[in-house]
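# A closer look at the structure
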2 protein chains.
Amino acid sequence: MSRYRLSLAYDGSHFSGWAVQPGQRTVQGVLGEILKTLFCEEINVTAAGRTDAGVHALCQTVHVDLETSWNNSQIAYRINAILPDDIILSQVQNVAEDFHSRYSCLAKQYIYRVANTPTPPLFERDFVSWERRPLSLVKIREAAKDLEGEHDFKSFMNVGREVDTSVRKVYRVRVKRSHGEIIISVLGAGFLYNQVRIMAGTLINVGLEKTKPEDVKMIRDSLDRSQAGQTAHAKGLCLNKTIYKGDKSEGMLP
Amino acid sequence: MSRYRLSLAYDGSHFSGWAVQPGQRTVQGVLGEILKTLFCEEINVTAAGRTDAGVHALCQTVHVDLETSWNNSQIAYRINAILPDDIILSQVQNVAEDFHSRYSCLAKQYIYRVANTPTPPLFERDFVSWERRPLSLVKIREAAKDLEGEHDFKSFMNVGREVDTSVRKVYRVRVKRSHGEIIISVLGAGFLYNQVRIMAGTLINVGLEKTKPEDVKMIRDSLDRSQAGQTAHAKGLCLNKTIYKGDKSEGMLP
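Note that the coordinates shown come from a computational prediction; the quantities given were computed from them, not determined experimentally.

## So, helix 5 (residues 215-222) of chain A
All names here are of chain A. Buried within helix 5 are the following residues: Val216, Ile219 and Arg220. Across the axial projection of helix 5, the buried residues extend over an arc of 100°, all falling on one side. Elements that come into contact with the buried residues of helix 5 comprise helix 3 (137-144), strand 7 (149-152) and helix 4 (195-207).

Quick look at the structure:
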């Protein structure tokens, strides 16, 4: 029995999110069924982080324990051959027994995309949210600074969730405009439930000048969810990177 | 009653092509129904060119005759408000009575996209075909030259279609590699049925070194469909531009 690290990409549009739910099509459920078919036993599938319905992943990390004589490219080939076309297994790596996709994960990067164009997005419509009114990049960037650092992000957490602590460390929030889109990238050690989408919703309000950039610090410090913006649409969010010790992307961390 | 030029973009994935067909979801059918609803009468919808099932359009041109007091932006707004999310009306313009989307069209540009990557495309999978084996850009470019010019393109026409002449004028075939894709753009005065897809299929064979670049001229001159490559997948094709007198894009023509 050896531990493997699997890197997955998926289009979340037609999944009820990552985690298995009875009667729902989920990424964990589909992958689990495929592994069971291939390896003839129940296999636990653990991810770096759960993604919600409609949220995409370019690089989700999973660990699994497998008893097999296949090499890594044979494993990848066989799994990809039966995966549906909205999930891709991009890499299989051997890892130590104590590697854990969730607990060993040093940081995650999420990307939030908003099409900021007069007409709605067409070819990209499942992967971006849409705001017709002009968004101010300068103001969003100004506000984004106050979402960096180690803070209690309780204002940016869905109410009704219980957690030990709502303090999280956000290493970096970058915002750019590209091809008519506002793209927000958030790198952090970990995130609260819906944190990135609520941060995005709040920053969109700043871009629309409904909220002043200097008010974002106040919203953050209020520890009051009702002060922050709405939870931005799931389809604009993508889990872009999951970073572990020894990965090339470890260089992105401070 | 005035004539209007409508510029449409659509994701062809869930349409049985452009032209109305009983019991099928088509772009012409959907647009016709919407115009009937808005203007309370049957309205003829004529396009620059028909597109097949699965083929996309970034700029399809349509002309319609409407009796209305709405201005162009009101027309665009009202139509877009009820169009499904896979069609977008990007522009409404007033045109002369004798403007005809098909007969006045000076040229069309199609783009054919092939993802040339070890793993299949994910987010782009409805808009590109996929070839895992490496394609030679140099060889495709060399062969593409023999598909430019005024020629009898009978080898690149679906058999069983009757046309007055299979001579067509192709102004330019450009090929580039970008983000792991081979992108073939074809500009021509007009095209035979499936011509661009058969040209693409033939060029893919050249890229795979199944066909020599210098054989493409011979294939063309054979006037024999069976000599050319297969019809490349519909989903890789997009009607990118439709060019009329006075358009900015008229400058692309020789």
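## Focus on the pairing of strand 10 (residues 237-243) of chain A
All names here are of chain A. In terms of burial, strand 10 is largely enclosed, as 6 of its 7 residues are buried. Two strands pair when backbone bridges link them, and strand 3 (residues 56-66) and strand 10 are joined in this way by 2 bridges, in the parallel orientation. Across the sheet, the residue bridging to Ala57 is Leu239, located in strand 10. Summarising the sheet, strand 5 (residues 107-115) and strand 10 pair through 6 bridges and their orientation is antiparallel. Of the residues in strand 10, the one forming a bridge with Tyr112 is Leu237.

## Examining the interface of chain A and chain B
At the junction of the two partners, chain A supplies 22 residues and chain B supplies 22 residues. Across the chain A to chain B interface the summed buried area is about 1,600 Å²; carbon plus sulfur atoms make up 68%. Per-residue buried area on chain A facing chain B is highest for Leu122(A), Phe123(A) and Arg125(A); these three make up 40% of the total on that side. Here chain A and chain B share 4 salt bridges between them.

## Examining the packing of aromatic side chains
For the structure shown, the criterion picks out 14 aromatic pairs over all chains. Seen in terms of ring centroids, Phe39(A) and Trp70(A) are 5.4 Å apart; in terms of plane orientation they differ by 55°. Their pairing is tilted. Separated by 31 residues along the polypeptide, Phe39(A) in helix 1 (residues 27-39) and Trp70(A) in the loop between strand 3 and helix 2 (72-82) bring together distant segments of the chain. For Phe39(A), a relative accessible area of 13% corresponds to the buried category. Taking the centre distance of 4.9 Å and the plane angle of 40° together, the rings of Phe99(B) and Tyr244(B) count as tilted. With Phe99(B) in the loop between strand 4 (87-95) and strand 5 (107-115) and Tyr244(B) in the segment after strand 10 (237-243), this pair connects stretches of sequence that are 145 residues apart. In terms of burial, Phe99(B) and Tyr244(B) fall into one category: buried. Through a chain of ring-to-ring contacts, the aromatic side chains of Tyr10(A), Phe15(A) and Trp18(A) assemble into a single cluster.

## What about the relation of the copies chain A and chain B?
Mapping chain A onto chain B leaves a residual RMSD of 0.0 Å; the transformation is a rotation of 180° accompanied by 0.0 Å of translation along its axis. On the angle and the small slide along the axis, the relation comes out as a two-fold axis. Identified as the residue of chain A closest to the rotation axis by C-alpha distance is Glu124(A), at 4.3 Å. Here 100% of the interface residues in chain A have copies in chain B that are interface residues too; the copies meet face to matching face.

## Describing the pattern of salt bridges
Residues and elements named next belong to chain A. Going through the model one piece at a time under the given rule, you end up with 28 salt bridges over all chains. In this structure, Asp52 engages Arg197 in a salt bridge whose closest nitrogen and oxygen atoms are separated by 3.4 Å. You can see Asp52 sitting in the loop between strand 2 (46-47) and strand 3 and its partner Arg197 sitting in helix 4, a full 145 residues away along the chain. Judged by relative accessible area, which is 13%, Arg197 ranks as buried.

## Description of helix 3 of chain A
All names here are of chain A. When helix 3 is considered as a whole, its buried residues turn out to be Leu137, Ile140, Ala143 and Ala144. The arc enclosing the buried residues of helix 3, seen along the axis, measures out at 130°, which places them on a common side. Buried residues belonging to helix 3 abut strand 8 (167-178), strand 9 (181-188), helix 4 and helix 5.

## A look at the confidence of the model for chain A
The predicted model of chain A averages 96 in pLDDT, with 100% of residues at 70 or higher. Interface confidence for the predicted complex, expressed as ipTM, amounts to 0.87; the pTM equals 0.91.

Rules used throughout
- Residue positions are given per chain, counting from 1 as you read along its sequence in written order.
- Here chains are named by letter from A upward and ligands by number from 1 upward, in the order in which they appear as written.
- Per-residue local features of the predicted model are confined to residues with pLDDT of at least 70, and side-chain atom pairs are confined, for both listing and counting, to 80 or more; whole-chain, interface and lining totals are unaffected and use all residues.
- The basis for every side-chain value is the complete set of non-hydrogen atoms in the structure, without hydrogens or water.
- Exposure classes here rest on a 1.4 Å probe applied to the protein chains alone. A residue is buried below 20% of its type maximum, exposed above 50%, and partly exposed in between.
- Per the convention used, a helix needs a DSSP run of H or I reaching at least four residues, while a strand needs a run of E reaching at least two, with both numbered from the N terminus.
- An arc is given here, and it is the one of the directions from the helix axis to the C-beta atoms.
- Contacts were defined at the residue level, with two residues in contact if any of their heavy atoms lie within 4.5 Å.
- In this analysis, strands are considered paired if DSSP registers two or more bridges between them.
- Buried area: the sum, over both parts, of the accessible surface (1.4 Å probe) that disappears when the two are put together.
- Think of a salt bridge as a Lys or Arg side-chain nitrogen and an Asp or Glu carboxyl oxygen that are within 4 Å of each other.
- For this analysis, a ring pair means two rings from Phe, Tyr or Trp (six-membered ring only for Trp) whose centres lie within 6.5 Å, classed as stacked if their planes differ by under 30 degrees, edge-to-face if by over 60, and tilted for the remaining angles.
- Here the copies are matched by least squares. The fit uses the C-alpha atoms of residues with pLDDT of at least 70 in both.
- The pLDDT value expresses, per residue, how confident the predictor is, ranging between 0 and 100.

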